[in-house]
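Examination of the molecular architecture
Letter by letter, the chains look like this.
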Amino acid sequence: MRRTVPSRHHDIADDLRRQITTGRIKPGERLPSESGLADRYKVSTATLRSALGALQGEGLIEKIHGRGNFVRHRPRKIMYVGGWGTLDPWTAAETALRVTDQATAIEARGHLASLLRVPTGSPLTEFLSISYEGESPHSLARIYVPDEPEPTEPLGTDPSYVRTEASFAVLSALSAEVRETVSARLPTPDEATTLRINPGLAVLAITRVAADIAGRVLEAALLVFPGDRVEAVFTTHHVTDER
């Protein structure tokens, strides 16, 4: 019977994995350059990158453009509290989570126009919110608000800034109903790049729509959490008829 010999990139991944899990290479530490590692293991750069890709897929390392490959701090799960989008303050505080926001003026097209129930081409404001654990992206949200005179919670005057509390909460204080649709799927290429995750890692995707008492949509949010970094909790409130 023919014996299967492990490919070279598996051997390299095993060796680097062992160094990381035993603490020889510590969280936050930068790995040697790819060309340096290829020389050390006497393999091609392509073979070396296959090994690094396997470790990225396992969440052990991350590649930061222009800086190199770094050993990841093991991400701790946070809790997403359904209904208002709050990231639970206890778990968020434990992971030292912070959220940045950037506002952009866009027009409603396709799925967005449908979600917000506005005509195609209607002006919107998009808030791109990214949460960070240390310097590593943890989760992201795109929140869309129709440009109407309805007041919402102000996000600040600077187009990019850091929130004082870690939250992807509903912006409008006038919401009477919040509807959320939850699904597990693979990330889009843009999501994988923004979150620095392997395209094969499943994400928890939440589409949230907030409406006022008349049924008019005040905002829609598309939230994306890598599946290994979040637990979502939803509480059902039973309504009793007091007539």
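Right above here is the structure, for reference.
First things first, this report covers the structure right here in the doc. (Residues numbered from 1 in each chain as written. Predicted model: local features only at pLDDT ≥ 70, side-chain atom pairs only at ≥ 80, totals over all residues. Heavy atoms only, no water.)

**Some words on the environment of Lys 77**
Within the secondary structure layout, Lys 77 lies in the loop between β2 (68–71) and β3 (78–81). For the pair Lys 77 and Asp 228, spaced 151 residues apart in sequence, the C-alpha to C-alpha distance is 6.9 Å. (Helix = DSSP H or I, 4+ residues; strand = E, 2+ residues; numbered from the N terminus.)

**Digging into the nonpolar core**
Of all hydrophobic cores here, the largest spans 17 residues; its most connected members are Ile 12, Leu 16, Leu 31, Tyr 41, Leu 48, Leu 52 and Ile 61. Those elements giving two or more residues to this core turn out to be α1 (8–21), α2 (34–41) and α3 (45–57). Beyond its immediate sequence surroundings of up to four residues, Ile 12 is in contact with Tyr 41, Val 43, Thr 47, Leu 48 and Ala 51. Within the second largest apolar cluster, 16 residues are counted, among which are Phe 127, Ile 143, Phe 168 and Ile 206. (Core = buried A, V, L, I, M, F, W, Y, C linked by side-chain atoms within 4.5 Å. Buried < 20%, exposed > 50% of the residue type's maximum accessible area, 1.4 Å probe, protein only. Contact = heavy atoms within 4.5 Å.)

**Comments concerning α3**
An ideal rise of 1.5 Å per residue puts 18 Å on 13 residues; α3 measures up with 18 Å between its terminal C-alpha atoms. All buried positions along α3 are accounted for by Leu 48, Ala 51, Leu 52 and Leu 55. Down the axis of α3, the smallest arc covering the buried residues is 95 degrees, so these residues share one side. For α3, the secondary structure elements touched by its buried residues are α1, α2, β1 (61–64) and β2. Just downstream of α3 lies Gly 59, where phi reads positive at about 80 degrees. (Expected span 1.5 Å × (residues − 1). Arc of directions from axis to C-beta.)

**Topic: the packing of aromatic side chains**
The full count for this structure, using the stated rule, is three aromatic pairs. Every member of this aromatic cluster is reached through a ring pair, and the members are Tyr 80, Phe 168, Phe 225 and Phe 234. Its guanidinium or amino end placed over the ring of Tyr 132, Arg 98 lies 4.7 Å from that ring's centre, counting from NZ or CZ. (Phe/Tyr/Trp six-rings, centres within 6.5 Å; stacked < 30°, edge-to-face > 60°. Lys NZ or Arg CZ within 6 Å of the ring centre and 35° of its normal.)

**A word on the pattern of salt bridges**
Inspection of the entire model under this criterion finds 12 salt bridges. With a shortest N-O distance of 3.1 Å, Glu 34 and Lys 63 are connected by a salt bridge. Taken together, the positions of Glu 34 in helix α2 and Lys 63 in strand β1 put the pair 29 residues apart, joining distant regions of the chain. The salt bridge involving Arg 208 is made with Glu 219; its shortest N-O contact spans 3.7 Å. Pair noted here: Arg 208 is in strand β10 (residues 203–211) and Glu 219 is in strand β11 (residues 217–226), with a separation of 11 residues, a long-range link. Connected through salt bridges with shared partners, the residues Glu 34, Arg 49 and Lys 63 form a single ionic network. (Salt bridge = Lys/Arg side-chain N within 4 Å of Asp/Glu carboxyl O.)

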